[in-house]
Amino acid sequence: MKESEMSHFTVLVAVTADSPEEAETAVSEALRPFDASLEVEELTDEDGETYWRNPQAHWDWWTIGGSWRGTFQARIDAKKTRHHGAGASVSE
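What you are looking at is a predicted structure, and each value in this text was computed from that prediction instead of being measured.

Student: Help me understand the packing of aromatic side chains in this model?
Tutor: To describe a pair of aromatic rings, you give the distance between the ring centres and the angle between the ring planes. Within this structure, the stated rule accounts for one aromatic pair. Seen in terms of ring centroids, Trp-59 and Trp-62 are 6.5 Å apart; in terms of plane orientation they differ by 80°. Their pairing is edge-to-face.

Shown next as structure tokens:
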């Protein structure tokens, strides 16, 4: 298997959830397309060995909170917001 270069970086993923378990599921679903272990594309190296990789990979593991655990608090009165790409959003 080929090793890809990964670096350590912070990503903020905001989700709407009614429980910590729902939040973890929602974050997992949002980050899944960028998982380095997701086998999307088969390639062959210079030695003729085939391997799989995800060309969109940006992470190999994640954790909710990390160094910022407790920094962002849930708000009961927060409005739900739908995002429409390029930074545009609509509040409901």
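From this point, the narrative continues.
Student: Looking at this structure, I do not really get a negative patch on the surface. What am I missing?
Tutor: A surface patch of negative charge is lined by Asp-18, Glu-21, Glu-22 and Glu-24. Looking at where Glu-22 falls in the secondary structure, it is placed in helix 1 (residues 20-31). Overall, the relative accessible area of 41% leaves Glu-22 in the partly exposed class.

Student: Sorry if this is basic, but what is going on with the pattern of salt bridges here?
Tutor: Working definition: two side chains of opposite charge can pair if their charged atoms are close together. Applying the stated criterion to the full structure yields one salt bridge. The partner of Glu-41 in a salt bridge is Arg-53, with the nearest N and O atoms 2.9 Å apart. Of the two residues, Glu-41 sits in strand 1 (residues 41-44) while Arg-53 sits in strand 2 (residues 50-53), which places them twelve residues apart along the sequence. With relative accessibility at 36%, the residue Arg-53 sits in the partly exposed group.

How each quantity is defined
Residues numbered from 1 in each chain as written. Predicted model: local features only at pLDDT ≥ 70, side-chain atom pairs only at ≥ 80, totals over all residues. Heavy atoms only, no water. Phe/Tyr/Trp six-rings, centres within 6.5 Å; stacked < 30°, edge-to-face > 60°. Patch = residues over 30% accessible without salt bridge, like charges linked within 9 Å, V, L, I, M, F, W, Y side chains within 5 Å. Areas by Shrake-Rupley, 256 points an atom, 1.4 Å probe, with all protein chains shown as cover. Salt bridge = Lys/Arg side-chain N within 4 Å of Asp/Glu carboxyl O. Lys, Arg positive; Asp, Glu negative; His and termini not counted. Charge placed at Lys NZ, Arg CZ, Asp CG, Glu CD. Helix = DSSP H or I, 4+ residues; strand = E, 2+ residues; numbered from the N terminus. Buried < 20%, exposed > 50% of the residue type's maximum accessible area, 1.4 Å probe, protein only.

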